[in-house]
Amino acid sequence: MLNILGIESSCDETAAAVYNTNRGIISNFLFSQIELHKQFGGVMPEIASRSHIEKIDSIVKTALEKANLTLSEIDVIAVTNKPGLPGSLLVGLCFAKAIAYAQNKKLIGVNHLEGHIFSAFIENPNIPFPHICLTASGGHTSIYLVKNFGEYELLGTTRDDAAGEAFDKIAKLLNLGYPGGPIIEKYAQEVDFIDFFSYPRSHITDLDLSFSGLKTAVLYDLVKKNAYDLKSKKILDNSIKLKQEVSSSLLVCIADIFEQKLNKAFKLYPELKAITFVGGVACNKYIKEKLSKFAQAKNLKFFSPSPQYCTDNGAMIAYVGHYKAQKNEFSDFSLDIF
Ligand code: KG4
Ligand code: ZN
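Residues numbered from 1 in each chain as written. Chains lettered and ligands numbered in written order. Predicted model: local features only at pLDDT ≥ 70, side-chain atom pairs only at ≥ 80, totals over all residues. Heavy atoms only, no water.

A. View of the state of the cysteines. All told, the structure shown has zero disulfides when counted by the stated rule. Take Cys-310: it sits in no disulfide, and the sulfur closest to it among the cysteines is that of Cys-283, at 4.5 Å. (Disulfide = S-S within 2.5 Å.)

Written out as structure tokens, the structure is:
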């Protein structure tokens, strides 16, 4: 039996969790910096790293307390070492190295994206292989072919903005607040997810994605409707109706693009047994339901974590740490963030 402490600080969440090889996740705790970044409409790297350094000690302590364990009862320390904001990653990595060194514990560097890819296993440990994983967050949007624990192949990724970034940027355009995804979902629900404006779907024929063109299409459609002034960069129409109609059309468009790509992946890899949908955007109930229906129609199983494991968290890092520990894939103290 092993206890793995997972530490995550790659972006704007300071997070820690404990995974027990018999009992699964036994604690999961975090501090979200959303309130600190709200006024900027996005994450400010310098503010993020300063907040991590302030919070990390108490977050790790609380995660241990909630697991009813002391640091001496932890066997392995798993920590996100890439990719992410350099200053933020360094806080978590240096903290993990320090406690691992002081307590003579094993260290495992975990790729943040591998954390997301396997996050659906925390609640469903029997997801069949091979499956396709759609990871969509504020920083990444990618499609992976997942063959086994730690074995995955990138099939396609965004050529520009991530899907979550599209939600956040368009929310900023409309003055809706940050993060955009949940607010856009709320407005879209109020008008029953109708596609009012038919924004362009993906023209990319392979499994790559692109969302920056969509943002531009929304912008120019607003300009055409005399709802946005390009010179002053200000929204001219502040009506609820416009917010609802843009939100709804955008959400339906992004959900359609995801379905389009999964359909393509399924055609290319007919041996697939399941689809997993992970990352912050997977908190979106409308997209989740649409992709679940798609999977059902194709006779594929569908898994998506509960929201606490969709957005950045320490549990997914501890989870990856546990199978890496079982494979003896430990890191040494020269572990870097690149
Ligand atoms: O995984 P995450 O917490 O952080 C990153 O690694 O980026 O994802 C945050 C992103 C934000 O862009 C946010 O707008 C989006 O996830 N998001 C959503 C929803 N909740 C969060 N997007 C669409 N619908 C949601 N309900
Ligand atoms: Zn993430």
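Text resumes after the structure shown.
B. Broad picture of the site of ligand 1. Surveying the vicinity of ligand 1 reveals 20 residues, the closest of which are Gly-138, Asp-168, Gly-181, Glu-185 and Asn-284. Take Gly-139: an N or O atom from its main chain is 3.2 Å from an oxygen atom of ligand 1. Protein contact buries 91% of the 550 Å² of open area that ligand 1 shows by itself. Secondary-structure elements contributing two or more residues to the shell around ligand 1 are α4 (112-117), α5 (163-173) and α6 (180-190). With four residues, α6 is the largest single contributor of residues to the shell around ligand 1. Across the shell around ligand 1, the residue classes tally to six nonpolar, eleven polar and three charged. (Near = heavy atom within 4 Å. Polar contact = N/O pair within 3.5 Å; in protein donor to acceptor, adjacent residues only side chain to side chain. Areas by Shrake-Rupley, 256 points an atom, 1.4 Å probe, with all protein chains shown as cover. Helix = DSSP H or I, 4+ residues; strand = E, 2+ residues; numbered from the N terminus. Nonpolar A, V, L, I, M, F, W, Y, C, P; charged D, E, K, R; others polar.)

C. Fine view of the sheet that holds strand β2 (residues 13-20). Pairing within the open sheet is mixed, and its five strands lie in the order β3-β2-β1-β4-β5. Only two strands of the sheet have a single partner each, and these edge strands are β3 (24-32) and β5 (106-111). The sheet shows a mean angle of 20° between the axes of neighbouring strands, direction not considered. In the packing of helix α3 (residues 86-103) onto the sheet, contacts are made with β1 (3-8), β4 (76-82) and β5, and the angle to β4 comes to roughly 155°. Of the strands in this sheet, β1, β2, β3, β4 and β5 touch helix α11 (residues 315-326), which is tilted by about 135° from β1. (Pairing = 2+ DSSP bridges. Axes fitted to C-alpha atoms, helices over the stretch in contact; angles between N-to-C directions. Contact = heavy atoms within 4.5 Å.)

D. Geometry of helix α9 (residues 285-297). With 13 residues, α9 extends 18 Å from end C-alpha to end C-alpha; this agrees with the ideal 18 Å at 1.5 Å per step. Within α9, burial applies to Tyr-286, Ile-287, Lys-288, Leu-291, Phe-294 and Ala-295. Along its buried surface, α9 packs onto β6 (131-136), α5, α6, α8 (240-268), β11 (274-278) and β12 (301-303). Residue Asn-284 occupies the N-cap position of α9, its side-chain oxygen lying 3.1 Å from the main-chain nitrogen of Tyr-286. A positive phi of about 65° marks Asn-299, the residue just after α9. (Expected span 1.5 Å × (residues − 1). Buried < 20%, exposed > 50% of the residue type's maximum accessible area, 1.4 Å probe, protein only.)

E. Here's a closer look at the environment of Ser-210. Relative to the assigned elements, Ser-210 resides in the loop between α6 and α7 (212-224). For the pair formed by Ser-210 and Arg-159, sequence separation is 51 residues and the distance between their alpha carbons is 5.3 Å. At 2.8 Å, the side chain of Ser-210 forms a polar contact with the side chain of Asp-160.

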